[in-house]
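Now for the letters of each chain:
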Amino acid sequence: MKVAVVKNILEANQRIAEENRQGFDERGLLVINLMSSPGAGKTTLLEKTIHLLKSEYKIGVVEGDIQSTYDAERIGKTGAPVVQINTGGACHLDSNMVREALKTLKLQGLSLLFIENVGNLVCPAEFQLGEHFKVMILSVAEGDDKPLKYPLMFQESRVLLIGKIDLLPFCDCDANLIEERARKINPEIEIFRVSCRTGEGLEEWVSWLRGEINKQKRS
């Protein structure tokens, strides 16, 4: 019985995700589901990314947290339109939450929408929101064993950002090993090493985004 219930939940979520995706495609809007563990640097990466791209594209953000509007307030200071989802204890966003949030976020004119998921390396990978790509951040401070422990995140992600690489000299972490393990799980995954503190790797990341935004506009 439990299996049937879980299956029904996932199927219902998938139906709404497909409706969300259709709406995004009709607008030529690229949507990224940004995932990581708590504290890996999602919001800081978004701030840096918006700063680098806002002269070229209009970017919106859906912020997902269990509680508070702290991250949404940070994003609001960049000038990007933002809406906050508080899950009230749920460890991930779902497609219905996103659908409801989009009623208060004007999509007209946007080229790129980031959905910053709740910090968690398990549940967000299982739930489609209507996004075109899942992108995950793994900070070097978390260690190089995470692809072994949380393979679904790496399997489902189109891009892996190895973050906080300025901390590598101070961490017992092998970034090459992260890449090797991630590619064994997902040979197609794009990997960028980035530091929001020094700026290293950010231009390569935003260059990838430019390409995907322009592809979506042409589709």
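Quick summary incoming for the structure in this document. As the structure is a computational prediction, the values presented were derived from the model and not from experiment. (Residues numbered from 1 in each chain as written. Predicted model: local features only at pLDDT ≥ 70, side-chain atom pairs only at ≥ 80, totals over all residues. Heavy atoms only, no water.)

## Description of the pairing of strand 6 (residues 159–163)
Of all five residues in strand 6, five are buried; the element is thus mostly enclosed. Neither face of strand 6 is open: one carries Val-159, Leu-161 and Gly-163, the other Leu-160 and Ile-162, and all of them are buried. In the sheet, strand 5 (residues 133–139) pairs with strand 6 via five bridges, with the strands oriented parallel. For Ser-139, the partnering residue across the bridge sits in strand 6 and is Gly-163. (Buried < 20%, exposed > 50% of the residue type's maximum accessible area, 1.4 Å probe, protein only. Helix = DSSP H or I, 4+ residues; strand = E, 2+ residues; numbered from the N terminus. Pairing = 2+ DSSP bridges.)

## Notes on the layout of surface pockets
Approximately 480 Å³ is the volume attributed to the largest pocket. Forming the boundary of the largest pocket are 27 residues, of which Gly-39, Ala-40, Gly-41, Lys-42 and Lys-164 lie nearest the centre. Those elements that provide at least two residues to the lining of the largest pocket are helix 2 (42–53), strand 2 (59–65) and helix 3 (70–76). Among the elements that make up the lining of the largest pocket, the one with the highest residue count is helix 2 (five residues). Residue composition of the lining of the largest pocket, grouped by class: nine nonpolar, nine polar and nine charged. (1 Å grid on protein atoms, 1.4 Å probe; cavity = no way out; pocket = protein on both sides within 12 Å on 5 of 7 lines; lining within 4 Å. Points joined across faces, edges and corners; volume = space filled by probe spheres on them. Nonpolar A, V, L, I, M, F, W, Y, C, P; charged D, E, K, R; others polar.)

## Description of the state of the cysteines
As enumerated under the stated definition, the model contains zero disulfides in all. No disulfide involves Cys-171; its nearest neighbouring cysteine sulfur is the one of Cys-173, lying 6.6 Å away. (Disulfide = S-S within 2.5 Å.)

## Thoughts on the environment of Val-140
Mapping Val-140 onto the fold places it in the loop between strand 5 and helix 5 (146–149). Spatially, the C-alpha atom of Val-140 lies 6.2 Å from that of Ile-165, the residues being 25 residues apart in sequence. When near neighbours in sequence (up to four residues on either side) are disregarded, Val-140 contacts Ile-162, Gly-163, Lys-164, Ile-165, Leu-167, Leu-168, Cys-171 and Cys-173. (Contact = heavy atoms within 4.5 Å.)

## Quick word on the pairing of strand 1 (residues 30–35)
Among the six residues of strand 1, six are classified as buried, and the element is accordingly described as predominantly covered. Of the two faces of strand 1, both are covered, the one formed by Leu-30, Ile-32 and Leu-34 as well as the one formed by Val-31, Asn-33 and Met-35. When strand 1 meets strand 4 (residues 112–116), the two strands line up parallel, connected through five bridges. Bridged to Leu-30 within strand 4 is Leu-112. Inspection of the sheet shows strand 1 paired to strand 5 by four bridges, in the parallel sense. Bridge pairing in strand 5 places Asn-33 opposite Lys-134.

## Structural notes on the nonpolar core
Counting residues in each nonpolar core, the largest one holds 29 residues, and the members touching the most others are Ile-32, Leu-112, Phe-114, Leu-161 and Trp-205. The set of elements that each furnish at least two residues to this core consists of strand 1, helix 2, strand 2, strand 4, strand 5, strand 6 and helix 8 (202–218). Among the nonpolar cores identified, the runner-up in size contains 17 residues, and Ala-101, Leu-110, Leu-113 and Ile-115 belong to it. (Core = buried A, V, L, I, M, F, W, Y, C linked by side-chain atoms within 4.5 Å.)

## Some words on unusual backbone geometry
In this structure, Ser-68 is a non-glycine residue whose phi angle is positive, near 85°. Mapped onto the elements, Ser-68 comes out in the loop between strand 2 and helix 3. On the basis of relative accessible area, Ser-68 is assigned to the partly exposed category, the value being 35%. Its identity is not glycine, yet Lys-164 carries a phi of approximately 55°, on the positive side. Looking at where Lys-164 falls in the secondary structure, it is placed in the loop between strand 6 and helix 7 (175–185).

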